[in-house]
Amino acid sequence: MNRQQLAAVANAIVARQKGVLAADESGPTIRKRFDAVEVEATGENRRRYREILFTTENIEQYIGGVILFDETLRQATGDGLPFAELLQSRGILPGIKVDRGPAALALHPGERVTEGLDGLRDRLLEYRQLGAKFAKWRAVIDIDEAEVPGACGIRANAHALARYAALCQELDVVPIVEPEVLMDGAHTIQRCEQVTSRVLAAVFTELDAHGVFLEGMLLKPNMVIAGLQCERQAPVQEVAEATLRCMRRHVPAAVPGLVFLSGGQSAADATEHLNAMNAMGSQPWQVSFSYGRALQAPVLAAWRGQEDNLAAAQRMLFRRCELNGLAREGKYLRALEEAA
Ligand code: 13P
């Protein structure tokens, strides 16, 4: 394990104003996103869409890394330049989603555990050769108002995250550790905070047990937020305060950055929450983003599979990146965005 290299990559991804573009939708997920804008999910459409994202001018000011899916890491621009090389030449680090998605946790109805550890060392070796500098593994924590998640489900997911992170670091690939407490459901923000606390405590216990080098990883947490079906949606400042309180209690200062997922928040909400956290002053870690939907939903809506919409789609991506770059410094104003 090359600690210096791991730390350098982790820090580069969350350099000033920067965050991550999560463009690692698996086959079924990108199909769902394309369906919503009536684009057929062919290999060529997926390639073209990612090419539009990765060739958007000037996003390197705000994007330190892009997470790719297996298929995309093997694809290239229309001119034949592999996407990983294109990104790297622009100063954007290419990363790869390596988990194989969640499966039902045996004997624990309503809970899931992420799979994909078998053969992971070999897959990582290949991904590294294809240019990946970092990886991502997403654990999914389902939440209800009482029983779920239980201690066993949390421990199983935390253990898998730690095994994945250790494998990455052994091969000098920076692990992004993503324990996502889902927004689905009617749970309150208090319940989300309680569950997120338990999950993060378990994750850092396992990372420690597995000898993971904290300075050479990034954490991709959910924000502390009420479930989408909860009657009371907390105001922005409450989300920011609860999230930072929870992070400060459980995330060691040695971790260089938190790159929050958007998890189903609107693009503007995700930016506003990030901004509110950064407006609260400096924290032990960089407080940044690794958004999928919150960066891409407006781009997909502008593109709709039409070449004529290319410029509008790229303008939309640059704009969202720029606004999140401002939010990295607590300088985003939603009212100005809405007036524009
Ligand atoms: P969202 O920002 O759309 O939640 O996606 C981030 C991600 O990579 C989930 O694994």
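Here, the structure is the one placed above.
Computed from a predicted structure; not experimentally measured. (Residues numbered from 1 in each chain as written. Predicted model: local features only at pLDDT ≥ 70, side-chain atom pairs only at ≥ 80, totals over all residues. Heavy atoms only, no water.)

Considering the pattern of salt bridges
This model, assessed by the stated rule, comprises 26 salt bridges. Between Arg50 and Glu25 there is a salt bridge, and its shortest N-O distance comes to 3.0 Å. Of the two residues, Arg50 is situated in helix α3 (residues 43-54) and Glu25 in the loop between β1 (19-23) and α2 (27-36); the sequence distance between them amounts to 25 residues. You'll find Arg50 and Glu25 in the same group, each marked buried. Among the ionic pairs, Arg112 bridges to Asp142, the shortest N-O distance being 2.9 Å. Separated by 30 residues along the polypeptide, Arg112 in strand β5 (residues 112-114) and Asp142 in the loop between β6 (134-141) and α7 (151-170) bring together distant segments of the chain. (Salt bridge = Lys/Arg side-chain N within 4 Å of Asp/Glu carboxyl O. Helix = DSSP H or I, 4+ residues; strand = E, 2+ residues; numbered from the N terminus. Buried < 20%, exposed > 50% of the residue type's maximum accessible area, 1.4 Å probe, protein only.)

Looking at the site of the ligand
Around the ligand sit 13 residues in total, of which Lys136, Lys220, Ser262, Gly263 and Arg293 are the nearest. One of the side-chain N or O atoms of Glu178 is found 3.0 Å from an oxygen atom in the ligand. Residue assignment for the shell around the ligand shows that the elements contributing at least two residues are β6 and β10 (286-291). Partitioning the shell around the ligand into residue classes produces three nonpolar, four polar and six charged. (Near = heavy atom within 4 Å. Polar contact = N/O pair within 3.5 Å; in protein donor to acceptor, adjacent residues only side chain to side chain. Nonpolar A, V, L, I, M, F, W, Y, C, P; charged D, E, K, R; others polar.)

A few points about the nonpolar core
Core analysis: the biggest nonpolar cluster contains 98 residues, and Phe54 and Tyr164 have the highest contact counts within it. Filtering out sequence-adjacent residues up to four positions away, Phe54 remains in contact with Leu21, Ala23, Val66, Leu68, Thr72, Phe83, Leu86, Leu87 and Arg90. Val174, Ile176, Leu218 and Val259 belong to the second-largest nonpolar core, a separate cluster that totals 16 residues. (Core = buried A, V, L, I, M, F, W, Y, C linked by side-chain atoms within 4.5 Å. Contact = heavy atoms within 4.5 Å.)

Considering unusual backbone geometry
For residues that are not glycine, phi is negative in most cases, and the peptide bond is trans in most cases. Note the cis peptide between Val148 and Pro149, where omega equals 5°. Within the secondary structure layout, Pro149 lies in the loop between β6 and α7. Even without being a glycine, Glu38 presents a positive backbone phi close to 55°. Looking at the secondary structure, you find Glu38 in the loop between α2 and α3.

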